[in-house]
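# Report on the structure
For reference, the chains in residue letters:
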Amino acid sequence: WGPCRNAYTKAVEVTAYMMAWALHSSNFVNTVNLAFLPLGVLAVAYLSRSIGASPAVSAMAGAAWILIPVNIVQARTTYVDSGYASCAAAFVAAVVYVVSHVGEQGEFFPWRSVLPLGATTGLAVGAKGTGALLVSIGFVVLSAAVLIGIARHGSGRRRKLIAIGGLFVLSGAVVAITVGGY
């Protein structure tokens, strides 16, 4: 690659840089993982609620995310594992949301979830190189859910168009798996 190129993902590090730039101080660089913890807390709370936990238990499960050893140990460092774990949990929660809402209200895909899904996809891929594999698997699951939803709820022409779109998403996932290791 050469001395001036580095393909390693840097979403957490860029967040630390933006904090230092915005605050005109590098005093808070070691707290960058704290910026990602709310994603993990909300993701775990949503996931526990989606499997039937009560709101109180879901809130406690989300709060327990903070107590995971990697989050405690790395919260005051610039290691990215804690930030990545929160981004990965948020991506999994977004995938679960989309899959659980496919076919609702006569739609094959819950379009209101595109922005959160895209944001969590970018964060999961960008936080650490292994995020590409997680996102690839997630998009295979999404493609399968959408194609199953089309088979159940779609009409003739619409079903064909959506199937083509689903195949594009699936082929994108295959490309991501292929080049995911950088």
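Here the structure is a predicted model, which means the values were calculated and not measured.

Along the chain, Val32 turns up in the loop between helix H1 (11–23) and helix H2 (37–50). With 48 residues separating them along the chain, Val32 and Val80 place their C-alpha atoms 8.7 Å apart. Excluding anything up to four places from it in sequence, Val32 contacts Val12, Thr15, Ala16, Met19 and Thr77.

Scanning all chains against the criterion turns up two aromatic pairs. Measuring from ring centre to ring centre gives 6.2 Å for Phe91 and Phe139, while their planes differ by 35°; the resulting arrangement is tilted. Of this pair, Phe91 sits in helix H5 (residues 81–101) while Phe139 sits in helix H7 (residues 131–153); the two residues are 48 residues apart in sequence, bridging distant segments of the chain.

Further remarks concern a nonpolar patch on the surface. On the surface, Val14, Tyr17, Met18 and Trp21 cluster together into a nonpolar patch covering about 490 Å² of accessible area. Within the secondary structure, Trp21 sits in helix H1.

Bringing the nonpolar core into the picture now. Counting eleven residues, the largest nonpolar core is built from Phe91, Ala94, Val95, Val98, Val102, Leu117, Ala124, Val135, Leu142, Ala145 and Val146. Looking at this core, the elements with two or more residues in it are H5, helix H6 (114–127) and H7. Among the nonpolar cores identified, the runner-up in size contains ten residues, and Val80, Tyr84, Cys87 and Ala88 belong to it.

Our focus in this paragraph is H2. Compared with the 20 Å implied by 1.5 Å per residue over 14 residues, the 20 Å span of H2 between its first and last C-alpha is a close match. Along H2, the residues classified as buried are Leu37, Gly40, Ala43, Val44, Ala45 and Ser48. Of the surrounding secondary structure, the elements contacted by the buried residues of H2 are helix H3 (55–64), helix H4 (69–74) and H5.

Reading the values: the criteria
One numbering rule holds for all chains: residues counted from 1, following each sequence as written. For a predicted model such as this one, the threshold for reporting local features is a pLDDT of at least 70, and the threshold for listing and counting side-chain atom pairs is 80 or more; totals across whole chains, interfaces and linings nevertheless cover every residue. In computing side-chain properties, one takes all heavy atoms of the structure into account and sets aside hydrogens as well as water. Helix and strand definitions here come from DSSP, where helices need a minimum of 4 consecutive H or I residues and strands a minimum of 2 consecutive E residues; each element is numbered from the N-terminal end. The contact criterion used throughout is that any non-hydrogen atoms of two residues lie within 4.5 Å. Between 30 and 60 degrees the pair is tilted, below 30 it is stacked and above 60 it is edge-to-face, where a pair is any two Phe, Tyr or Trp rings, Trp via its six-membered ring, whose centres lie within 6.5 Å. Patch rule: a residue counts if its relative accessible area is over 30% and it has no salt bridge; like charges are joined within 9 Å, and nonpolar side chains (Val, Leu, Ile, Met, Phe, Trp, Tyr) within 5 Å. Every accessible area reported is derived by Shrake-Rupley at a probe size of 1.4 Å, with residue values counting cover from the shown protein chains alone. One side-chain nitrogen of Lys or Arg within 4 Å of one carboxyl oxygen of Asp or Glu is enough to make a salt bridge. Among buried residues, those of type Ala, Val, Leu, Ile, Met, Phe, Trp, Tyr and Cys that are joined through side-chain atoms within 4.5 Å constitute a nonpolar core. In this scheme, a residue with accessible area under 20% of its type's maximum is buried, one over 50% is exposed, and one in between is partly exposed, where area comes from a 1.4 Å probe on protein chains only. Helix span is expected to be 1.5 Å times the residue number reduced by one.

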